[in-house]
Amino acid sequence: MTEQNADRKTLIVCPICQAQKRFEIPGYVLKQESVDIIKIQIHNPSVCEHDFVTFVDHTGKVRGYELIDYQLQFTSRTGKKHSTVDKLFLEDLLETLGNFATLNVFHAFLFNYRVLIITGFAEISKYVDLLNDLFARVFPPDVPVNDLARVIDQKDFLRLNVAETEHLILDTNGLVTNSPWGDWKRFDFENEVVKEALEIIEAKSQAQLIQQQIGKLRKWAEYILADLEKNDIVYEKDMIRKLGAEFGIKATNYHLDLCKLFIARRISEKALLLGRIRNKSLDRLREGLWL
Ligand SMILES: [Zn+2]
């Protein structure tokens with residue numbers, strides 16, 4: 001039994017320069033057979049100068065790598081500040097979880113997915129409280145954090161059927177054991193918001209900026225809904241063009257998908273309207289006009 005619980009060393013190879021290092025995957029994670037893919041961020045300089053995410057299956061075998069281009073620069077807050085202020089700041093979160101897991105958590109809160117944090121050390125519940133407090137501070141009142149992150153101990157984690165949950169599950173080292181949105185996900189919006197926020201040192205102004213950016217997403221989504229209420233059919237391309245023109249942004253499919261997700265997960269009572277958004281080429285196919 002104890003051997004099954006043992007941590008396992010997995011060989012990690014940098015996808016760019018092929019530098020190698022053995023990494024320990026916690027044994028309890030590998031024991032959880034319903035976990036599909038574990039995502040571990042490898043930070044520069046732990047293997048080499050590159051930052052990437054490693055995908056490991058529950059047998060400890062590496063299944064793939066994803067390069068990270070999140071250019072998040074931040075200055076660690078000093079130990080003195082930690083002890084005098086009983087608060088967690090964005091920089092602290094990035095330092096403890098890494099930017100990949102931080103963006104996952106941000107995405108989860110933004111789109112109402114539950115976050116479970118696996119117990120790793122004695123102060124865990126306090127850490128999770130502080131994390132919740134941080135997100136409650138930086139989310140605007142009209143896009144509140146609806147479901148606070150919760151602590152789960154290793155025993156309860158092992159009992160979960162992870163694949164059937166809609167939860168983001170991670171540990172305090174930023175090791176992600178389940179992401180309900182699939183393994184490949186772009187966090188461009190979240191990354192941009194965090195990147196801009198990190199340029200501001202003063203915590204209150206930083207929070208205000210994040211609130212404003214999240215508020216923008218809400219406005220985009222509301223604009224789309226208002227348009228859908230007026231029209232029975234709107235083509236994707238036209239919607240993207242309108243969104244771009246209305247808000248002066250370079251809108252793409254990504255923005256439209258983001259808004260659709262926001263509506264589906266936050267304004268779900270109006271989600272049926274999303275059926276009015278059509279793809280022109282698919283419509284043509286249906287009508288047989290493509291010949
Ligand atoms: Zn490398």
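1. Digging into helix α10 (residues 253-266)
- For α10, spanning 14 residues, the distance from its first C-alpha to its last is 19 Å, which sits close to the expected 20 Å at 1.5 Å a residue.
- Those residues of α10 that fall on the buried side of the exposure criterion are His255, Leu258, Cys259, Phe262 and Ile263. Taken around the axis of α10, the buried residues stretch over an arc of 135 degrees, which confines them to a single face. More than 90 degrees from the buried face of α10, the exposed residues found are Asn253, Tyr254 and Asp257.
- Buried residues in α10 make contact with α7 (188-198), α8 (203-230) and α9 (236-247).

2. Brief notes about the domain arrangement of the protein
- When cut into domains, the protein gives domain 1 (2-189) and domain 2 (200-287).
- A straight line from the C-alpha centre of domain 1 to that of domain 2 covers 28 Å.
- Facing 14 residues of domain 1, the contacting portion of domain 2 comprises 15 residues.
- Every element with two or more residues in the side of domain 1 that touches domain 2 is listed here: α4 (90-110), α5 (124-138) and α7.
- Residues that form the side of domain 1 that touches domain 2 fall into these classes: 9 nonpolar, 1 polar and 4 charged.

Criteria and thresholds
Residues numbered from 1 in each chain as written. Predicted model: local features only at pLDDT ≥ 70, side-chain atom pairs only at ≥ 80, totals over all residues. Helix = DSSP H or I, 4+ residues; strand = E, 2+ residues; numbered from the N terminus. Expected span 1.5 Å × (residues − 1). Buried ≥ 20, exposed ≤ 12 C-beta atoms within 10 Å, placed from the backbone. Arc of directions from axis to C-beta. Contact = placed C-beta atoms within 7 Å. Domains from an automatic or database assignment. Nonpolar A, V, L, I, M, F, W, Y, C, P; charged D, E, K, R; others polar.

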